[in-house]
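Structural overview for review
Chain residues, written in single-letter form:
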Amino acid sequence: MTPSQTWWLLAAALSALLPLTPHVPYWLSALALTLLGGRAVLNRTQRRLPARFWLILLTFAGSAGVLAQFRTLFGQNPGVALLVLFLALKPLETRTRRDGLAVIFLCYFLVLAQFFFAQSIATAAMTVATIVAVTAALGSLADGRARPADLLRRSGLMLLQAAPFMLLLFVLFPRVQGPLWGLPRDAFSALTGLSDSMAPGSISNLSQSDAIAFRAKFSETPPRDLLYWRGPVLTEFDGRTWRPEGRLALPRLAYAPQGPLIEYEVTLEAHAKRWLFALELPGNLPSDSLMTGDYQLLARTPVTTRLRYSVTSHTAMAAGREESSAVLQRALALPGDFNPRTRALGQGWRDQDKTDEAVLEAATRFFLTQGLSYSLTPPLLGRHGVDEFLFESRQGFCEHFSGAFVFALRAAGLPARVVTGYQGGETNPFDGYFTVRQYDAHAWAEVWLKDRGWTRIDPTALSVPSRISQNLAAAVPAGSPLPLLTRADLAWLRELRLRFDAVANTWNQWVIGYNPERQREFLNRLGMRAPDWRQMTATLAVLAGLVLLGLTAWALRQRRRVDAAQRAWLRLGRRLGRRGLPRTPWEAPLAYADRIAVRFPESAAEIRAISALYGRVRYGNLDPVLLDELKTRIARFQP
């Protein structure tokens, strides 16, 4: 291999490795860059490559490091790390064109690996740039003397020619539901969102994240006080942490829907858990979903890819009027020896007011008048956390409010539980989608009343109504650390982010989320009613053939295209043809000049000079000065 080809291989390897450096251990990124740098030094100084012994030693040492880092050699992250190591080592033994092809194929595979970690527009743009560089390196193996600009131009042209076929395959090739391959568990280790338990600080930790939890598409957005997106329901309490009851999920609704409904579509981001989100209470089960006895929607499998589903909700409906005694007993359970002051408070409500409605009114009045404040950084609580929140610090986040409210109601003998999810959201004015972010995470209470069933009571709304009527920023004290998108002093950044989110949502809906349902919807717009795979394959074959014919016609036209020097020479041939000396298509310039010189001896020197000048311009460098001289001499030539 020539030094030029080696430089191209190193550039291709570097372009494939750099996007992956944030996703592999730092020591591996440093090792890979060092190995590529060492190979560049060897190529520049034209020194011998290292002995195979050293490469084997580095391979085993690097593999051992990957094993120590991940505790396994199998899975997405260790697999990508091993490929990064091999790609960094391969150029150190690359001597032949066959070795170079191995480097190129490793680069192509690692380009694909970028989509294991992100599928954004930026990732796609970076991937295209990397493919151009790798394809140019592949071209250098076939033509080692080509200039870099020519290789890049040729690579870009090849990709542009392939783009129509790619678009046709994307639109018409029958889609499969879900990803084309299953990703191992470690692929989703960095995903964040609601947990299946709640302790002081668990939800407030999400308040600094403006990551999108899900989007919804309404025909008409409901009022903010109805925007309670139901998630995990927590019944069991050990004195510090609330956990779900673990009730059986069934493929049917746990109640009979009634009342006005709201129709909408949810696009849920991957969170590696099973729960789905819908306004409470859902009026239907989305495809491949279940519902627990406490009215939580669950997917059949963890949501590891972006999921779109249609759902309806009855926001004015209550359920559970005929709840079982076992469920109600579990909704009354309290851990022993915790929060004695709150226990006494609840017992006092019951002693004073015998009916459940009166107890609930007393609890509501207490939270309205206690002077509790909303804080993103509440103080740490000890063993009796509910007592300390209600009677000492009086500062908390929604998990403090809801947990304390439910504990106090249970102490008063009123069945209650905590519901977590999201509250609120905002409409993006640039695409019309309603966006719910992680900082919209919320917790509220659900109380069982004999004649009404399970009823939502939000103690946060009682003490800090601005959290529900406006947003998080309006509920916390001035100067609290807030996510950038909630800060009023950064309106320009907020608008920029909303515009970007709108573009990203379009990408997610129509590119990443182009599933069988979206494909049928799009093909219906094009006039293909209920197409099956045969019709789609036939259409694909016809359109691909038309594109191929178009590219063939373009290629033939490119072959017939003549440059400025050739046009001038052909113009001279046509002029002399009228004098009885036409140029034959197979006649070389010098041969034609000799024939003219025999016919017009007095112009022999001039025509041979023109012929030589044409050869320099046509088959050498297209020098603009020489080209102008050629045009001038041809225009003045008069035999």
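Keep in mind that what you see is a predicted model, and the values were worked out from it rather than measured. (Residues numbered from 1 in each chain as written. Predicted model: local features only at pLDDT ≥ 70, side-chain atom pairs only at ≥ 80, totals over all residues. Heavy atoms only, no water.)

Assigned secondary structure in the chain consists of 22 helices and 17 strands. At 36 Å, the chain has a C-alpha radius of gyration far larger than the 26 Å of a compact globule built from 639 residues. Overall, the chain is about 130 × 65 × 50 Å in size when its C-alpha atoms are taken along their principal axes. With 639 residues in all, the chain has 47% of them scored as buried. Look at the contacts in the chain between residues 6 or more apart in sequence, and 72% of them connect residues 24 or more apart. About 32100 Å² of surface is accessible on the chain, with carbon and sulfur atoms providing 60% of the total. (Helix = DSSP H or I, 4+ residues; strand = E, 2+ residues; numbered from the N terminus. Rg over C-alpha atoms; globule rule 2.2 N^0.38 Å. Buried < 20%, exposed > 50% of the residue type's maximum accessible area, 1.4 Å probe, protein only. Contact = heavy atoms within 4.5 Å. Areas by Shrake-Rupley, 256 points an atom, 1.4 Å probe, with all protein chains shown as cover.)

So, on to the sheet that holds strand S7 (residues 278-279). If you walk across this open sheet you meet the five strands as S7-S2-S13-S16-S17, and the pairing is antiparallel. In this open sheet, the two edge strands, each paired with only one partner strand, are S7 and strand S17 (453-457). Where strand S16 (residues 441-449) lies against S17, five bridges are found, and the strand directions are antiparallel. Each bridged residue has a counterpart across the sheet, and for Ala-445 the counterpart in S17 is Ile-457. (Pairing = 2+ DSSP bridges.)

Per the counting criterion, the structure on display carries 25 aromatic pairs. Pairing Phe-170 with Tyr-514 gives two aromatic rings, centres 4.8 Å apart and planes at 25°, and the pair type is stacked. With Phe-170 in helix H7 (residues 148-172) and Tyr-514 in the loop between helix H16 (491-512) and helix H17 (516-525), this residue pair connects regions lying 344 residues apart in the sequence. The exposure class assigned to Tyr-514 is buried, which follows from its relative accessible area of 4%. Clustering of aromatic rings is evident, with ring pairs tying together Phe-214, Phe-218, Trp-229, Tyr-264, Phe-277, Tyr-422 and Phe-434. The ring of Tyr-433 carries Lys-217 above its face, with NZ or CZ at 4.6 Å from the centroid. Sitting over the ring of Trp-510, Arg-518 keeps its end group 4.3 Å from the ring centre. (Phe/Tyr/Trp six-rings, centres within 6.5 Å; stacked < 30°, edge-to-face > 60°. Lys NZ or Arg CZ within 6 Å of the ring centre and 35° of its normal.)

Attention shifts here to the confidence of the model for the chain. Within the chain, residue pLDDT values average 87, and 93% of them lie at 70 or more. When the elements of the chain are averaged for pLDDT, helix H15 (residues 472-475) gives the smallest value, 64, and S7 the largest, 96. Taken as a whole, residues 180-190 scores under 50 in pLDDT and shows 14 contacts with residues more than four places along the chain or in a different chain. (pLDDT = per-residue confidence, 0-100.)

Right, let's get into the layout of surface pockets. Each pocket or cavity is described by its volume, and for the second largest pocket that value is around 240 Å³. In terms of residue class, the lining of the second largest pocket is made up of six nonpolar, three polar and six charged. (1 Å grid on protein atoms, 1.4 Å probe; cavity = no way out; pocket = protein on both sides within 12 Å on 5 of 7 lines; lining within 4 Å. Points joined across faces, edges and corners; volume = space filled by probe spheres on them. Nonpolar A, V, L, I, M, F, W, Y, C, P; charged D, E, K, R; others polar.)

A separate point is the pattern of salt bridges. Evaluation of the coordinates by the stated rule reveals 27 salt bridges. For Glu-93, the salt bridge is made with Arg-52, and the minimal N-O distance between the two is 3.5 Å. You can see Glu-93 sitting in the loop between helix H4 (76-89) and helix H5 (97-117) and its partner Arg-52 sitting in helix H3 (residues 52-70), a full 41 residues away along the chain. Under the relative-accessibility criterion, Arg-52 is labelled exposed at 56%. In this structure, Glu-587 engages Arg-595 in a salt bridge whose closest nitrogen and oxygen atoms are separated by 2.9 Å. One continuous salt-bridge network, built from bridges that share partners, spans Asp-210, Glu-426, Arg-437, Arg-497 and Asp-501. (Salt bridge = Lys/Arg side-chain N within 4 Å of Asp/Glu carboxyl O.)

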